[in-house]
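An overview of the molecular structure
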Amino acid sequence: MSNDNYEQPFSSIDEVQEKFAGEKYIADRMLATTIFLGTALGKPVYLEGEPGVGKTEVAKVLANILQTELIRLQCYEGLDISTALYEWNYPRQMLELRLQEARGVERNLIGRNIFGEEFLLKRPLLQAIQTTAGKPKVLLIDEIDRSDEEFEAFLLEVLSDFQITIPELGTIKAARPPIVILTSNRTRELHDALKRRCLFHWIDYPDYARELRILTTRVPAIQDVLSSQICQFMQWLREQDLYKRPGIAETIDWAQALYALGADDLDPKTVESTLGCILKYKSDIDKIQGQGVRDILEQLVPAQASPDRTGAEAACS
């Protein structure tokens, strides 16, 4: 971002971590560094990782911290330029033509205004680029790996210049380029050309100490023993040969479900009845139940209280 009036949103990497923690997102040092450099250098940040590890949440938290608008482009197979960038409001244009005819406008003047900006349907990319003043917006391009290679090539051009040309209106260039976050679940590899324009960070599953800190931050009412048991169980679960390993999002969902049920600790009956909160495929549920939930809990979860939360947080710093 070359705007002389642009004010860097973060003064240090530590500030990134502190402000993200204030929004209940526990960012490790590497992620905080990537966010700091992305906002300082004006480069898109490309986040890869398994589903449920908090990639999309980074953009949401960043928009909250900067108190700016979050614009989300959800990618999918078949996504085209008109859906992502702009298209003309044809029904309104046709209505305008009929109204002009009814008002008796001269034939050679009818329709001269129908390609004005008031007839333009602005999609996420155009909304993000067309910023004239104030804080830069946060543009989230979510699950870019689900889009087609043709759209990826188009996106490469947009992210290079932050400008687009609309034949009827001319070229629109961002006065203040947005802060761009791209996410991918790695269903396919992106081209190197797009990756080179971004700062890359892989968001992995958290270790026990960090997951415990995340859990107690997001579900503060949960008992210490139960939170420790949940995190131990989730750490063990991700080591199993499952079709889809659960992410931190499932950890939080499960903790909230157990809290709603009034559970104080994990017992086989409660675990078996709530496995659908963390495992989304019947084959995975059958596999865990087949190993004997009681035996798993006796092996993994000690009877004593969990480490206190201060100690867990210290381990993550």
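Coordinates for the structure precede this section.
Below, the structure is looked at part by part.

What counts as what
- Residues numbered from 1 in each chain as written.
- Predicted model: local features only at pLDDT ≥ 70, side-chain atom pairs only at ≥ 80, totals over all residues.
- Heavy atoms only, no water.
- 1 Å grid on protein atoms, 1.4 Å probe; cavity = no way out; pocket = protein on both sides within 12 Å on 5 of 7 lines; lining within 4 Å.
- Points joined across faces, edges and corners; volume = space filled by probe spheres on them.
- Helix = DSSP H or I, 4+ residues; strand = E, 2+ residues; numbered from the N terminus.
- Nonpolar A, V, L, I, M, F, W, Y, C, P; charged D, E, K, R; others polar.
- Core = buried A, V, L, I, M, F, W, Y, C linked by side-chain atoms within 4.5 Å.
- Buried < 20%, exposed > 50% of the residue type's maximum accessible area, 1.4 Å probe, protein only.
- Contact = heavy atoms within 4.5 Å.
- Pairing = 2+ DSSP bridges.
- Axes fitted to C-alpha atoms, helices over the stretch in contact; angles between N-to-C directions.

**Quick notes on empty space enclosed by the protein**
Under the defined criterion, the tally for this structure stands at two cavities of 30 Å³ or more. Taken as a whole, the second largest cavity spans an internal volume of roughly 30 Å³. Taken together, Leu-125, Ala-128, Ile-129, Leu-139, Val-158, Leu-159 and Phe-162 make up the full set of residues lining the second largest cavity. A total of three residues in the lining of the second largest cavity trace back to one element, the largest contributor, which is helix H6 (residues 124-129). Here the residues of the lining of the second largest cavity are counted per class, giving seven nonpolar, no polar and no charged.

**Some details on the nonpolar core**
Membership of the largest hydrophobic core comes to 34 residues, with the highest contact counts inside it found for Leu-125, Ile-141, Ile-144, Phe-151 and Leu-182. For this core, the elements supplying multiple residues, two or more each, are strand S2 (70-74), strand S3 (86-88), H6, strand S5 (138-142), helix H7 (149-161), strand S6 (163-166) and strand S8 (179-184). Sorting elements by how many residues they give to this core places H7 first, with six residues. Every residue in contact with Leu-125, bar those within four places of it in the chain, is listed here: Leu-73, Ala-84, Leu-85, Leu-139, Phe-151, Phe-154 and Leu-155. Judged by nonpolar contacts, the second largest core, of 30 residues, contains Ile-222, Ile-278, Val-293 and Ile-296.

**Some points on the sheet that holds S8**
Spatially, the five strands line up as an open sheet ordered S2-S5-S8-S1-S9, and their pairing is parallel. Edge positions in the sheet fall to S2 and strand S9 (199-202), since each has one partner strand and no second. Between one strand and the next, the sheet's axes are offset by a mean angle of 20°, whatever the strand orientation. Relative to S9, strand S1 (residues 45-48) is paired through four bridges, and the arrangement is parallel. Opposite Tyr-46, over in S9, you have Phe-200 as the bridge partner. Packed onto the sheet, helix H2 (residues 29-41) meets S1, S8 and S9 and runs at close to 160° relative to S9.

**With respect to helix H9 (residues 208-218)**
Think of an α-helix as 3.6 residues a turn; residues three or four steps apart then line up on the same face. For H9, the tally of buried residues reaches nine of 11 residues, placing the bulk of the element in the interior. By the burial criterion, the buried members of H9 are Ala-209, Arg-210, Glu-211, Leu-212, Arg-213, Ile-214, Leu-215, Thr-216 and Thr-217.

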